Amino acid sequence: MTNYTIDPGDPPKADPEAMRIVALGGLGEVGRNMTVFEYRGKLLIVDCGVLFPEEEQPGIDLILPDFSYLDDRMDDIVGLVLTHGHEDHIGAVPYLLKRREDIPVLGSSLTLALVEAKLKEHRLRKTVTRVVRENEADQLGPFDLEFVAVNHSIPDALAVFIRTGAGTVLHTGDFKMDQLPLDRRITDLRAFARLGEEGVDLFLTDSTNAEVPGFTAPEKEIGPVLDSVIATATNRVIVASFASHVHRVQQVLEAAQAHGRKVVLVGRSMVRNMKIAQDLGFLHAPRGVIIDLKDLDKYPDDQIVLMCTGSQGEPMAALSRMANGSHPKVEVSADDTIILASSLIPGNETSVYRVINGLMKLGARVVHKGNAKVHVSGHASAGELLYCYNIVKPKGVMPVHGEWRHMLANGKLAAQTGVPEENIVIADDGWVVDLKDGRARVVGAVDCEYVFVDGSSVGEITEADLKDRRILAGEGFVSIFMTVDTQAQKVITGPVINSRGMAEDDDVFDHIKPKIADAVAEALADGVKDQHKLQQIIRRTIGRWISSRLRRRPMIVPMVVVVPGADAAVQ
């Protein structure tokens, strides 16, 4: 078994006869997908998405790919290709374009419309976008591109075939092989076969469902379930889904119309994205079914369906705010029916179950994937991946988009279809892969850290800052204030101790105060005058006591004020 924990080391200088591939996100994780292809000194980027934070990253809004690999090479970028419009593939585009606004951005009409709405919010007005469609070809620098239709949980998704003098790459993006899609746009396996006949040196394949046997269920199976739930609901129905899941919203609209209900879109991103989808013809809303949130009170509860965001338990999303009673417009009532029409993204389980429990405490009936078929995945399962490998017959495979367990399972599937194991590359974020003479291999690694977005700051929060936040959240905070006279070598005032986030009252520290004062006095008598060293003595003294006596490890912030000649001032 290969040891994937060994650091590949620094990569050599790029070989002009090779295509270099560096994933800056999306490998070993589900999110922040971004892959950089280099050939003859020029760079092509495929996707630029975000990763959503987990509970151990408090206060973080988004996690971006690490652009530092590109910092000195912005002028070498010939273009950015976007496979589809999900946040984990387009969410970081504005942050990249702030570094160079005129990078050409290519994608389907829906994908670019969603991106352009983001660029407006970030006040980026000089961007260059170019709509591409399936079966079309394009060229960016030394990269010849061909686009292929693929089916996913958002319309208008594309795979991209990249031709260079060093070899060919087929990147699927996110895809599945639904044979009865709602929009009748299937994954173009004929194009996959044709490209396979031409020769695919490296096949970058979606790994998300590689561990799931068989085939992903078709979207059309969800419609009757939603219809049944809405038909039997006695009060309001609230459906939570991704703000980009056009197909799911379409099914909800049709079910609502069939049962005489109006639909209210809740959440800024939901309203914006569905307006874009409707304008482009990807969403077909029956006349009069969608009403504005401000008109909600004009209809009885049993004639309303609310379509909102928050299916992943995001704290500020509409459903979470409804669950904790903080939504300004919607208050969940007993006998409301809540439908979570999405699957769980790994890492979000705790947040989602917290929302479910909150809603059920309010008396709502909650329908989710665990107790009803209200969602199907947008990713190919093992059976579909096997079909693709047999159709494309790639020389090499590099699984992408998934955690390590997903990528390893995907690699095993490729091996079962006859791809030589030495041609299956399992890589991590930042690992450098060179494709030359039809063979891809790992040649090194570059720095590829998480870049945190925290309010208006980007990249300023570090892992150390997050550690401090976790300590504050879990263990509490203790501050100690003292004044000392280093000339007279004596403690003037203190210690004054205050705590926050701890069960004990501050008077519990009365036992340790004399020991802190004695430790500082002893240090002063030994000639210690450095403020930082005195603070460290305080931290160690109280830290050991809190650990042994209170069984806690709070954040400890000592403050020592040095007052020279305090005796004279007092007299």
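Here the structure is a predicted model, which means the values were calculated and not measured.

1. Some points on the packing of aromatic side chains
The final tally for this structure, using the stated rule, is 6 aromatic pairs. When the centroid spacing of 6.3 Å and the interplanar angle of 70° are considered together, the rings of Trp404 and Trp431 count as edge-to-face. Note that Trp404 is positioned in helix H11 (residues 404-416) and Trp431 in strand S20 (residues 431-436), a separation of 27 residues in sequence. Ring geometry for Phe509 versus Trp545: centroids 6.0 Å apart, planes at 55°, classification tilted. Remark: Trp545 occurs in helix H14 (residues 531-550) and Phe509 occurs in the loop between strand S25 (490-500) and helix H13 (513-525); sequence separation between them is 36 residues. Judged by its relative accessible area of 9%, Trp545 is buried. Every member of this aromatic cluster is reached through a ring pair, and the members are Phe175, Phe192, Phe203 and Tyr389.

2. Some points on the domain arrangement of the chain
Domain annotation of the chain identifies domain 1 (19-214 + 378-455), domain 2 (219-367) and domain 3 (464-563). Computed from C-alpha coordinates alone, the two centres of domain 2 and domain 3 are separated by 51 Å.

3. A closer look at the state of the cysteines
Going through the model one piece at a time under the given rule, you end up with 0 disulfides. Lacking any disulfide linkage, Cys448 is separated from the closest cysteine sulfur, that of Cys48, by 12 Å. A relative accessible area of 14% means that Cys448 is categorised as buried.

4. Some remarks on the UniProt feature "binding site: Zn(2+)" (unreviewed entry) in the chain
Per the UniProt record, "binding site: Zn(2+)" (unreviewed entry) is annotated on His84, His86, Asp88, His89, His152, Asp174 and His401. Their sequence span is 318 residues, while the largest C-alpha to C-alpha distance among them is just 13.8 Å; these annotated residues converge on one region. For His86, the location among the structural elements is in the loop between strand S5 (77-81) and helix H1 (87-90). Those residues within four positions of His86 in sequence are excluded, and the remaining contacts are Gly91, His152, Ser153, Ile154 and Ser244. For His89, the location among the structural elements is in helix H1. Judged by relative accessible area, which is 2%, His89 ranks as buried. Beyond its immediate sequence surroundings of up to four residues, His89 is in contact with Asn33, Asp47, Cys48, Gly49, Leu82, Thr83, His84, Asp174 and His401. At 3.3 Å, the side chain of His89 and the side chain of Asn33 are in polar contact.

5. Section: the nonpolar core
Counting 60 residues, the largest nonpolar core has Phe37, Leu44, Val81, Leu145, Ile162, Val169 and Met398 as the members making the most contacts within it. Broken down by element, the residue count for this core peaks at 6 residues, all from strand S10 (residues 157-164). With sequence-adjacent residues up to four places away left out, Val81 is seen in contact with Leu44, Ile45, Val46, Asp47, Leu106, Leu140, Leu145, Phe147 and Val160. With 40 residues, the next largest nonpolar core counts Met34, Leu80, Ala113 and Leu114 among its residues.

6. Points about the sheet that holds strand S1 (residues 19-25)
Strand pairing in a sheet relies on backbone hydrogen bonds. The paired strands run either parallel or antiparallel. The mixed open sheet is built from 8 strands, whose spatial order is S7-S6-S5-S3-S2-S1-S20-S21. Strands at the two margins of the open sheet, each flanked by one partner only, are strand S7 (128-131) and strand S21 (439-445). Mean inter-strand twist for the sheet, computed between neighbouring axes without regard to direction, equals 25°. Across 5 bridges, S1 lies against strand S2 (residues 34-39) in antiparallel orientation. Looking across to S2, one finds that Ala23 is bridged to Thr35.

Conventions used here
Residues numbered from 1 in each chain as written. Predicted model: local features only at pLDDT ≥ 70, side-chain atom pairs only at ≥ 80, totals over all residues. Heavy atoms only, no water. Phe/Tyr/Trp six-rings, centres within 6.5 Å; stacked < 30°, edge-to-face > 60°. Helix = DSSP H or I, 4+ residues; strand = E, 2+ residues; numbered from the N terminus. Buried < 20%, exposed > 50% of the residue type's maximum accessible area, 1.4 Å probe, protein only. Domains from an automatic or database assignment. Disulfide = S-S within 2.5 Å. UniProt positions renumbered as here; feature names shortened; annotations may be inferred. Contact = heavy atoms within 4.5 Å. Polar contact = N/O pair within 3.5 Å; in protein donor to acceptor, adjacent residues only side chain to side chain. Core = buried A, V, L, I, M, F, W, Y, C linked by side-chain atoms within 4.5 Å. Pairing = 2+ DSSP bridges. Axes fitted to C-alpha atoms, helices over the stretch in contact; angles between N-to-C directions.

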